[in-house]
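Coordinate inspection notes
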Amino acid sequence: MKNKILVTGGAGYIGSHTCIALHQAGYDIVIYDNLSNSSREAINRVSKLIGESIEFIQGDIRDSELLKQVFTKYDFFGVIHFAGLKAVGESVAKPLMYYNNNVSGTITLLEVMTEYKVKNFIFSSSATVYGDPEMLPIDEKSPRSCTNPYGQSKLVVEHILEGLAVADSTWNLVTLRYFNPVGAHESGQIGEDPNDIPNNLMPYISQVAVGKLAKLSIFGNDYPTVDGTGVRDYIHVTDLAAGHVAALNYLEQQVLPVGFLPINLGSGKGSSVLELVTAFTEVTGQNIPYQFAPRRAGDIASCYASADKAQALLGWEAKLSITDMCQDTWRWQSMNPNGYQS
Ligand code: NAD
Ligand code: WQD
């Protein structure tokens, strides 16, 4: 049996896919999630897919007493920390909620880890910490800045991790900066299940395709890009999940602690909104009615990763294509038109 891993936020979109990849790689998993943005059904489906029941504790990362009970019960090799709130617009309206959940929650978790001497930590950061990039592709040394509370909460946690690495050289603090995660498990059993009208492009497209939403609004067609629409680095959630397994494997091989280690997880390729809409239509045969709308506040023109560091250190690279991303998103959406409530 391989090492035991605590997966905070493991019932969520990226966490659920990562649990499958971890199980396939032989890790023993415990999910810790307050289900504030996910459902037990996701955990049931992960259990079905892996063929055994996953250990699940319903709890909040800000609940240090419960965390201590969990760390007393299990001997963890490390923690993969997905738990957090992630809606940029909501964070502007409710900054305290975002800082409390994402920053205070992470501090509480790190304090308990310190007490129990568990020093392997993999953190879900975001390309949003790069703000409006000066250079493309974006490498890990690029300057960081954020304008919304969600992004700032990620940046503050990064600074906390940097401080922790300076103060105590026994930590391994791998900070994975995800670009734009999309897609779903190839089974169509698990995927992204937004609570409300989706904020992000791919779930919006797929809800138009399934008839839940009438029309996509494309935010801006006057950006300095290939066709005027915003360019992003879309990455299949299955590739992203594999990136976490690669990061754990890497930590297991290290003789000396790595300290604060930021790594981009992206495909290295940019696609425009129109390119994604066209690919989705071609792959699925579904027509996506759209209209051009004004730019969305806070959006940037282009963003894509240099994924060289992930390749060099972790031996990881994105394998799945935009076609796979559209196909798998559509399989999940059409099989589960109402997400986990289908
Ligand atoms: P998600 O909302 O699907 O999953 C997050 C999970 O954390 C949910 O299951 C939620 O119930 C849980 N959670 C939230 N607050 C909690 C708390 N206080 N205690 C315990 N559990 C809590 O989101 P996701 O898309 O899977 O994202 C996972 C992580 O990756 C997040 O930290 C997010 O900020 C980060 N990230 C996501 C994206 C993206 O586009 N999806 C991009 C970059 C970074
Ligand atoms: C992609 C492109 C939009 C919706 C966000 C967060 C970021 C990270 C990933 C967590 C842009 C355009 C979108 C729509 C559109 N999350 N668009 N119509 O903004 O790159 O990143 O998710 O860390 O922090 O900010 O992703 O999917 O919202 O947008 O035209 O209805 O699609 O303008 O060009 P984004 P997105």
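Predicted, not measured: the structure shown is a model, and the values here were computed from it.

**Some remarks on the site of ligand 2**
The environment of ligand 2 is formed by 19 residues, the closest being Y150, L201, S217, R232 and D299. For ligand 2, an oxygen atom lies 3.0 Å from a polar atom in the side chain of N180. Take D299: an N or O atom from its side chain is 2.5 Å from an oxygen atom of ligand 2. Notes on ligand 2: free accessible area 680 Å², of which the protein chains cover 88%. Among the secondary structure elements, those contributing two or more residues to the shell around ligand 2 are α7 (201-209) and β8 (216-219). Per-element tally for the shell around ligand 2: the top contributor is β8, with four residues. Along the lines of polarity and charge, the residues of the shell around ligand 2 split into nine nonpolar, seven polar and three charged.

**Comments concerning unusual backbone geometry**
That bond from L136 to P137 is cis: its omega, -10°, falls within 30 degrees of zero. Tracing the backbone through its elements, the reader meets P137 in the loop between β5 (120-126) and α6 (149-167). Here L35, not a glycine, exhibits a phi torsion of approximately 60°, which is positive. Among the secondary structure elements, L35 is positioned in the loop between β2 (28-33) and α2 (40-50). Note on L35: relative accessible area 16%, which makes it buried. Phi is positive for K117, which is not a glycine, with a value near 55°. Mapped onto the elements, K117 comes out in the loop between α5 (95-115) and β5.

**Overview of the pairing of strand β4 (residues 78-81)**
Here β4 shows no split at all, with G78 and I80 on one side and V79 and H81 on the other all buried. The pairing of strand β1 (residues 4-8) with β4 spans four bridges and is parallel. Paired with V7 across the two strands is I80, which belongs to β4. As defined by bridge partners, β4 adjoins β5 across three bridges and the pair is classed as parallel. By the bridge assignment for β5, V79 is matched with F121.

**Quick look at the site of ligand 1**
As a structural note, the neighbourhood of ligand 1 is formed by 27 residues, with I14, D33, N37, S38 and Y150 the closest of them. Notes on ligand 1: free accessible area 820 Å², of which the protein chains cover 96%. Contributing elements (two or more residues each) for the shell around ligand 1: α1 (13-24), β5 and α6. Looking at which element gives the most residues to the shell around ligand 1, the answer is β5, with three residues.

**Here we look at helix α3 (residues 64-73)**
For α3, every residue scored as buried is listed here: L66, L67, V70 and F71. In an axial view of α3, the angular spread of the buried residues amounts to 135°, which keeps them on one side of the axis. Turned more than 90 degrees off the buried face of α3, the exposed positions are Q69, T72 and K73. Buried residues in α3 make contact with β1, β2, β3 (55-58), β4 and α5.

**Structural notes on the side chain of E192**
By the element assignment, E192 lies in the loop between β7 (180-182) and α7. With a relative accessible area of 18%, E192 lands in the buried category. Setting aside anything within four residues of it in sequence, one finds E192 in contact with Y13, K86, N200, P203 and W332.

**Focus: the packing of aromatic side chains**
On inspection of all chains with the given rule, the structure shows eight aromatic pairs. On the numbers, 5.6 Å between centres and 35° between planes, the contact of Y74 with F76 is tilted. This pair shows no difference in class: Y74 is buried, exactly as F76 is. When the ring of F280 is compared with that of W330, the centres are 6.1 Å apart and the planes differ by 80°; the resulting orientation is edge-to-face. You can see F280 sitting in helix α9 (residues 273-284) and its partner W330 sitting in helix α11 (residues 322-335), a full 50 residues away along the chain. Grouping aromatic residues by their ring pairs yields a cluster made of F71, Y74, F76 and Y116.

What counts and how
Residues numbered from 1 in each chain as written. Chains lettered and ligands numbered in written order. Predicted model: local features only at pLDDT ≥ 70, side-chain atom pairs only at ≥ 80, totals over all residues. Heavy atoms only, no water. Near = heavy atom within 4 Å. Polar contact = N/O pair within 3.5 Å; in protein donor to acceptor, adjacent residues only side chain to side chain. Areas by Shrake-Rupley, 256 points an atom, 1.4 Å probe, with all protein chains shown as cover. Helix = DSSP H or I, 4+ residues; strand = E, 2+ residues; numbered from the N terminus. Nonpolar A, V, L, I, M, F, W, Y, C, P; charged D, E, K, R; others polar. Buried < 20%, exposed > 50% of the residue type's maximum accessible area, 1.4 Å probe, protein only. Pairing = 2+ DSSP bridges. Arc of directions from axis to C-beta. Contact = heavy atoms within 4.5 Å. Phe/Tyr/Trp six-rings, centres within 6.5 Å; stacked < 30°, edge-to-face > 60°.

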